[in-house]
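Close look at the chain arrangement
Read off the chains here:
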Amino acid sequence: MVWIHIVGGGVAGLSLASELSKYPRLPGSVVVSDPNIDSRDDRTYSFWSDRDHSNFLPGTSQYSKWVVSSESKSVTQTGKNWHYYRISGRAFFEKCKKVIERHPQCFLNNETIGSKPSAKYVFDSRPPGTNRFRAYQSFVGIEIKCEHDFATDIALLMTNMRTEDAGLYFEYMLPITDTSLLIESTYFGTIPGNMDNLERNSLEWIKNNNLTGQVIRKEKAHIPMGLRPSTNDDWGIPIGARGGMTRASSGYGFMNMRAWAKITAKKLTAGQPITKYRSPLLETWMDLQLIKIIQKKPQYLPKIFLDIAQNTKGDDFASFLTKTRPLNALQVITGAPAKPFLESIMQMFKEK
Ligand SMILES: Cc1cc2nc3c(=O)[nH]c(=O)nc-3n(C[C@H](O)[C@H](O)[C@H](O)COP(=O)(O)OP(=O)(O)OC[C@H]3O[C@@H](n4cnc5c(N)ncnc54)[C@H](O)[C@@H]3O)c2cc1C
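Description of the structure in this document.

What follows covers the pattern of salt bridges. Counted under the stated rule, the structure contains 15 salt bridges. With a closest N to O distance of 3.4 Å, aspartate 233 and arginine 242 form a salt bridge. Bridged by salt links that share partners, the residues Asp124, Arg126, Asp233, Asp234 and Arg242 form one connected network.

So, in structure tokens, the structure goes:
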């Protein structure tokens, strides 16, 4: 019998399998099934960290400054201990594959699984249905190669924030090399963003900034911002985005999944019980307040993000968006405009 069957070889599935492959002798075999194992050039992963990841993979980009702006105001933050990183999906998947395929008890199968597989442990990372999304982060990204020289250590995180279509729009720009860029037009709202509009916005941003060059690659997605409870259609233990490991307020999940995989591999090899992932209570509460604002008062969002960026240090902002701890939650709450948070808290008491 298979010891561990992981359905889906995305960030969560491959992270768990590659952590397990670091143990030379496993209690049984590990199978990862995914029909798209060999086509992984369709995404970029970005994350904050206070550890140096610049040598994590070839081509990892590191940014020490990030910008949040609306039409009328711009705030630049500098990270001292924290930096923003970008890695290519392809490089990440190739690194994981190499480690997994070297282990004699680990297998990557190019296949779609149609029903719960039989194994001692089943981990299910099939993407959750959009009917479970509380709110949506939709984006279309365009990578261009151009003849301009860019500063490579500054990321435009949320630039040109504006509210339209009952949601928040902004552009996100990451230099990849000094002559290539990723530009993503993003929408936060309660309905899925319109992908044609988002692509048009990205192209317009390129034109308005007088950038000329060649489109190399596109990426797009609807990512959940908060998930409603599952309706019992999980196969075994839900993980990754399905298991609530992406941050509801930002869609970031990469580092959380990597950290979860390391701990879980250690527990599995030690024969300890494995339970369903639960995000920390404070983080869940904070993120829920933001989702309520997206649902009810999206016009507040540019001011909230700008005030938080202006009133918190770069390191606190980055650490808050990665893992909320009481002290940096307090710093962020006191940095945010009081009205929307108070309204949201009052609403919560009314609902009780
Ligand atoms: C274009 C794009 C850019 C993103 N950028 C970032 C970012 O910058 N930072 C960040 O933190 N997050 C980012 N995300 C979100 C990110 O995808 C998630 O954090 C992460 O990929 C979720 O990992 P996962 O393992 O849960 O799911 P996925 O990586 O989506 O993997 C799920 C896998 O399950 C497979 N699968 C589905 N059904 C079956 C089946 N029946 N049988 C077998 N396999 C199946 C799919 O083929 C897929 O490979 C991005 C997502 C996309 C799509």
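Bringing the sheet that holds strand S1 (residues 4–7) into the picture now. Sheets are built from strands paired through backbone hydrogen bonds, the pairs being either parallel or antiparallel. Spatial strand order, S8-S2-S1-S9-S15: five strands in an open sheet with parallel pairing. For this open sheet the edge positions go to strand S8 (106–109) and strand S15 (237–238), each flanked by a neighbour on one side alone. Inspection of the sheet shows strand S9 (residues 121–124) paired to S15 by two bridges, in the parallel sense. Bridge pairing in S15 links phenylalanine 123 to isoleucine 237. The strands that helix H1 (residues 11–20) touches are S1, strand S2 (30–33), S8 and S9; relative to S1, the one it contacts most, it runs at about 155 degrees.

On to the pairing of strand S5 (residues 65–70), then. Of all six residues that make up S5, five are buried, and the element is covered over most of its length. With five bridges connecting them, S5 and strand S6 (residues 74–78) associate as antiparallel partners. By the bridge assignment, valine 67 is partnered in S6 with threonine 76. The turn linking S5 back onto S6 is made up of three residues. The pairing of S5 with strand S11 (residues 154–164) spans five bridges and is classified as parallel. Residue pairing for S11: lysine 65 is matched across the bridge by isoleucine 154.

Within a regular strand, the side chains alternate between the two sheet faces. Taking every second residue as pointing to the same face, both faces of S1 are buried, with Ile4 and Ile6 on one and His5 and Val7 on the other. Of the strand pairs in this sheet, S1 and S9 are connected by four bridges, and their pairing is parallel. Along S9, the bridge assignment pairs valine 7 with aspartate 124. With four bridges connecting them, S1 and S2 associate as parallel partners. By the bridge assignment, isoleucine 6 is partnered in S2 with valine 32. Viewed along the sheet, the connection from S1 through H1 into S2 turns out right-handed.

Here is what the cut-offs are and how they apply
Residues numbered from 1 in each chain as written. Predicted model: local features only at pLDDT ≥ 70, side-chain atom pairs only at ≥ 80, totals over all residues. Heavy atoms only, no water. Salt bridge = Lys/Arg side-chain N within 4 Å of Asp/Glu carboxyl O. Pairing = 2+ DSSP bridges. Helix = DSSP H or I, 4+ residues; strand = E, 2+ residues; numbered from the N terminus. Contact = heavy atoms within 4.5 Å. Axes fitted to C-alpha atoms, helices over the stretch in contact; angles between N-to-C directions. Buried < 20%, exposed > 50% of the residue type's maximum accessible area, 1.4 Å probe, protein only. Right-handed = clockwise from strand over helix to strand, strands pointing away.

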